[in-house]
Amino acid sequence: MDDYKPIFDMTGQVALIVGGTGGLGADMALALAQYGADIVLAQRNPERGNDIKEIITKTTGRRCELYKVDVLEEDSVKILVDKIDAEFGRLDILINSAGLNILQKAEEYASENWDTVLDINLRGTYLACREAGRIMIRQKKGKIINLSSVRGNLGMPEGYIAYCASKGGVNMLTKCLASEWAKYNISVNAISPTFIRTNINEKQLEDEKFYNTLVARIPMKRIGVQKDIIGPTLLFASGAADFITGQILLVDGGITATQ
């Protein structure tokens, strides 16, 4: 009989989390470090990650570096990945968690806002995948996790035209890369959550009407919390998912099962 205990062990691997100092990215980073991975957190203002870096290094003993990247700038993404290659000599896991939305009615949506949302959510995800993919192809091994949304599958009555389009694009990007890079033993999957409570949206959730409207649509009668994303992250990043690729995992309390 095989020993399945090490199936989630990532000791000696290197994980890059783009947008890694935000709420979800920070929790993902800590979880991967707890399972043995060294961590690179990358975003425009990396100093925001000082607290999570200290937690990771002190509680897990793993290495954690804070690097700067602007996913809107192609050269910046390339420089980031080249730096990781030079300093670590490998890149095993990429998580794309950078993203944003700009609320505006479809008939009034400003072109510059559309470009910003699509550039960060979709183009930035592609650039990170492309550059990380160069190393993973060389290694003949890698795991890529893109953070999508149920809004890549479900429309919204108002305000989400660019966001939904970008996440639908992320889903198809995930499937195409999974199909093309399977021959290199690179798996590409996406986690697609419903509304997740983070520090960023805590204020928004204080609106009782807004909160109740959200929960009413979800069969489990709650919104997501950050730990709900950790299990899928560990699955897709580890050897437990070696035969899983091209999947869009809906972490949504059952909302898409009803629509």
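Everything below is about the structure printed above this text.
No experiment lies behind these values; they were computed from the predicted model shown.

### As for the overall build of the protein
And then number 1: Looking only at helices and strands, the protein has eight helices and nine strands in total.
And then number 2: Against the globule reference of 18 Å for 259 residues, the protein gives a C-alpha radius of gyration of 18 Å, in line with a compact fold.
And then number 3: Projecting the C-alpha coordinates of the protein onto the three principal axes gives extents of approximately 50 × 45 × 40 Å.
And then number 4: Here the protein, with 259 residues, has 49% of them falling under the buried criterion.
And then number 5: Contacts spanning at least 24 positions in sequence make up 72% of the contacts within the protein whose residues lie at least 6 apart.
And then number 6: In the structure as shown, the protein presents an accessible area of about 12700 Å², 51% of it carried by carbon and sulfur atoms.
And then number 7: Considering the protein, the positive charge centre built from 30 side chains and the negative charge centre built from 32 side chains are found 3 Å apart.

### Let's talk about the packing of aromatic side chains
And then number 1: If you walk through the whole model with that rule in mind, you get four aromatic pairs.
And then number 2: A centroid spacing of 6.4 Å and a plane angle of 70° characterise the contact between Phe8 and Tyr35, whose relative ring orientation is edge-to-face. In this pair, Phe8 is assigned in the segment before strand E1 (14-18) and Tyr35 in the loop between helix H1 (23-34) and strand E2 (38-43), connecting sequence segments 27 residues apart.
And then number 3: Seen from their ring centres, Tyr160 and Tyr163 are 5.8 Å apart, and the 85° between their planes marks the pair as edge-to-face. Tyr163 shares its class with Tyr160; the two are buried.
And then number 4: For Arg63, the ring lying beneath its charged end belongs to Phe88, and the centroid distance is 4.1 Å.
And then number 5: Sitting over the face of the ring of Tyr67, Lys83 holds its NZ or CZ atom 4.2 Å from the ring centroid.

### Focus on helix H4 (residues 111-139)
Because each turn of an α-helix spans 3.6 residues, side chains separated by three or four positions in sequence point in the same direction.
And then number 1: Over its 29 residues, H4 runs 40 Å from end to end, which matches the ideal 42 Å to within 8%, given 1.5 Å per residue.
And then number 2: If you look at H4, its biggest bend is around 40°, right at Asp119.
And then number 3: Residue Lys140 follows H4 closely and has a positive phi angle near 60°.

### With respect to the pattern of salt bridges
And then number 1: Scanning all chains against the criterion turns up 14 salt bridges.
And then number 2: Salt-bridge contacts for Asp38 lead to Arg62; the nearest nitrogen and oxygen are separated by 3.3 Å. Placement of the pair is Asp38 in strand E2 and Arg62 in the loop between helix H2 (50-60) and strand E3 (64-68), with a sequence separation of 24 residues.
And then number 3: Taking the relative accessible area as the measure of exposure, Asp38 reaches 14% and is therefore buried.

### Considering the nonpolar core
And then number 1: Counting residues in hydrophobic clusters, the biggest one holds 31 residues, and the most contacted among them are Ile17, Leu32, Ile39, Leu41 and Ile56.
And then number 2: Aside from chain neighbours lying at most four places away, what touches Ile17 is Gly25, Ala29, Leu32, Ile39, Val40, Leu41, Ala42, Ile95 and Ser97.
And then number 3: Judged by nonpolar contacts, the second largest core, of 29 residues, contains Val77, Val81, Leu127 and Trp181.

Rules used throughout
- Residues numbered from 1 in each chain as written.
- Predicted model: local features only at pLDDT ≥ 70, side-chain atom pairs only at ≥ 80, totals over all residues.
- Heavy atoms only, no water.
- Helix = DSSP H or I, 4+ residues; strand = E, 2+ residues; numbered from the N terminus.
- Rg over C-alpha atoms; globule rule 2.2 N^0.38 Å.
- Buried < 20%, exposed > 50% of the residue type's maximum accessible area, 1.4 Å probe, protein only.
- Contact = heavy atoms within 4.5 Å.
- Areas by Shrake-Rupley, 256 points an atom, 1.4 Å probe, with all protein chains shown as cover.
- Lys, Arg positive; Asp, Glu negative; His and termini not counted.
- Charge placed at Lys NZ, Arg CZ, Asp CG, Glu CD.
- Phe/Tyr/Trp six-rings, centres within 6.5 Å; stacked < 30°, edge-to-face > 60°.
- Lys NZ or Arg CZ within 6 Å of the ring centre and 35° of its normal.
- Expected span 1.5 Å × (residues − 1).
- Bend = angle between axes of the 7 residues up to and from the residue.
- Salt bridge = Lys/Arg side-chain N within 4 Å of Asp/Glu carboxyl O.
- Core = buried A, V, L, I, M, F, W, Y, C linked by side-chain atoms within 4.5 Å.

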